[in-house]
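# Descriptive analysis of the structure
Below, each chain spelled out in residue letters.
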Amino acid sequence: MGPTTTESDLKTALTGLETSLSTPIVSGELAAWMGEVQKAWQEASAQIHYSVKHLHQRQYDQMAKEDLELLPRIELLKVEDEAIEQQREHISQMVARDAQHVPKLEPDEGKAQKHVQSLIDEGLAFITRVRKQEVAVQTWLLEAFNRDRGAVD
C-alpha cells in the first residue's frame, strides 16, 4: 500500500510531527531530538505529498463533477497545494541539513540553536498551513454536494 490511505493517517502524522518539534530539547539530547524530528518528518512528508498529489486530486474531480461553478475555487486550492509541495521540499532540505550538522554540534549545542529554532518555527507553521488546507478542501467538497443552487427548472 502507498504512504497513506486515509485522512486520519495524515492527521496522525501531523500530530506526531508537531509533538516532536514541540518537545523541549534536553541538554545533551539534541541528536536524539533531531532523530525523532527526522523520523516524524519522513512520515508526515510522505502523508502530505500523497494527500496533495492523490487524495486532493480525486476530491477536486468530485467537486468539479458535482458543481462546475466551483472551478475557480478548485484552481485556488490547487495553487495552495503547489505552494505546500514547494514548502514541503524546503523543509525536507532543512531537516536533512540539520540532521547532518547536529551531531557535529553536540558538544556546543548553542551553535545549533538558530538552525533548530528555525526548523521548529517553520515546521509548526507548515503544519498549520497543511491543516488549514485540509479543512478548506473538505469544506468546499461538502459545499459542492450541499450547495443551494436556487430554483432549478
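These lines cover the structure that appears in this document, whether it is placed above or below. (Residues numbered from 1 in each chain as written. Predicted model: local features only at pLDDT ≥ 70, side-chain atom pairs only at ≥ 80, totals over all residues. Heavy atoms only, no water.)

## Points about the pattern of salt bridges
Under the criterion given, the structure shown has nine salt bridges. A salt bridge links Lys78 to Glu75, with the shortest nitrogen-to-oxygen separation between them at 3.9 Å. With Lys78 and Glu75 both in helix H3 (residues 71–105) and three residues apart, this pair spans about one turn of that helix. Judged by its relative accessible area of 28%, Lys78 falls in the partly exposed class. (Salt bridge = Lys/Arg side-chain N within 4 Å of Asp/Glu carboxyl O. Helix = DSSP H or I, 4+ residues; strand = E, 2+ residues; numbered from the N terminus. Buried < 20%, exposed > 50% of the residue type's maximum accessible area, 1.4 Å probe, protein only.)

## Focus on the packing of aromatic side chains
This model, assessed by the stated rule, comprises one aromatic pair. With a centroid separation of 5.9 Å and 55° between ring planes, the pair formed by Trp41 and Phe126 is classed as tilted. Of this pair, Trp41 sits in helix H2 (residues 30–66) while Phe126 is found in helix H4 (residues 113–146), placing the two residues 85 residues apart along the sequence. Accessibility expressed as a relative area gives 4% for Trp41, which makes it buried. (Phe/Tyr/Trp six-rings, centres within 6.5 Å; stacked < 30°, edge-to-face > 60°.)

## As for the nonpolar core
Of all hydrophobic cores here, the largest spans 27 residues; its most connected members are Leu17, Leu21, Trp33, Met34, Ile48, Leu119 and Phe126. Elements that contribute at least two residues to this core include exactly helix H1 (7–22), H2, H3 and H4. When residues in this core are grouped by element, the largest group, nine residues, is from H2. With nine residues, the next largest nonpolar core counts Leu70, Ile74, Leu77 and Val137 among its residues. (Core = buried A, V, L, I, M, F, W, Y, C linked by side-chain atoms within 4.5 Å.)

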